[in-house]
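# Coordinate inspection notes
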Amino acid sequence: NMHENENQLVRNIKELIAMEYNNINLNISHIANELELNSTYISRVFAANTGDGLLNYINKYRVEKAKELLKNPDLVIETIAAMTGFNNGNSFIRVFKKYELITPGQYRHMILEKEDF
């Protein structure tokens, strides 16, 4: 059944992202190579089944992981960027702000302030 195969493919893609979100080389072609499939095909199937673009999903996943790490005041932003697979602090801040509408620093400040009360 084609639909079941597509669902399985989406599960496999999400699993791979969960395991490798911290890999700086994680992108659509990396996933396609790992699954031995065409990158256009996996992008199309993923978007059709989740309503989300693959890169968008990867970035959102990384941001969610980063939000957890930002609760630790001992970790600097650059370190969190590296731990969540971003090339550098700047790209991390840009992507984080795209999804959260505030910088990682502002987010951390907000979170840690809440914990003080």
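Residues numbered from 1 in each chain as written. Predicted model: local features only at pLDDT ≥ 70, side-chain atom pairs only at ≥ 80, totals over all residues. Heavy atoms only, no water.

## Some details on the packing of aromatic side chains
Tallied over the entire structure, the rule returns six aromatic pairs. Measuring from centroid to centroid gives 5.5 Å for Tyr21 and Tyr61, while their planes differ by 50°, and the two rings are tilted. Taken together, the positions of Tyr21 in the loop between helix 1 (2-20) and helix 2 (28-35) and Tyr61 in helix 4 (residues 54-69) put the pair 40 residues apart, joining distant regions of the chain. Judged by centre distance (5.2 Å) and plane angle (50°), the ring pair of Phe86 and Phe92 falls under tilted. Judged by relative accessible area, which is 0%, Phe92 ranks as buried. By the ring-pair criterion, three or more aromatic residues cluster together here, those being Tyr21, Phe46, Tyr57 and Tyr61. Taking the ring centre of Phe86 as reference, the NZ or CZ of Arg62 above it sits at 5.7 Å. (Phe/Tyr/Trp six-rings, centres within 6.5 Å; stacked < 30°, edge-to-face > 60°. Helix = DSSP H or I, 4+ residues; strand = E, 2+ residues; numbered from the N terminus. Buried < 20%, exposed > 50% of the residue type's maximum accessible area, 1.4 Å probe, protein only. Lys NZ or Arg CZ within 6 Å of the ring centre and 35° of its normal.)

## Details of the confidence of the model for the protein chain
Parts of the model with low pLDDT should not have their predicted coordinates read in detail. Summary statistics for the protein chain give a mean pLDDT of 95 and a share of 97% for residues scoring 70 or more. Mean pLDDT values for the elements of the protein chain range from 88 in helix 7 (residues 104-116) up to 98 in helix 4. (pLDDT = per-residue confidence, 0-100.)

## Points about the side chain of Lys67
By secondary structure assignment, the location of Lys67 is in helix 4. With a relative accessible area of 14%, Lys67 lands in the buried category. The contacts of Lys67, once residues within four sequence positions are left out, are Phe96, Glu100 and Tyr107. (Contact = heavy atoms within 4.5 Å.)

## A look at the layout of surface pockets
A water-sized probe, rolled over the atoms, reveals where empty space remains. Looking at the largest pocket, its volume works out to about 200 Å³. Along the wall of the largest pocket there are 14 residues; nearest its centre are Asn59, Arg62, Gly85, Phe86 and Asn87. Going through the elements one at a time, helix 4 and helix 6 (89-100) are the ones with two or more residues in the lining of the largest pocket. With four residues, the top contributor of residues to the lining of the largest pocket is helix 4. (1 Å grid on protein atoms, 1.4 Å probe; cavity = no way out; pocket = protein on both sides within 12 Å on 5 of 7 lines; lining within 4 Å. Points joined across faces, edges and corners; volume = space filled by probe spheres on them.)

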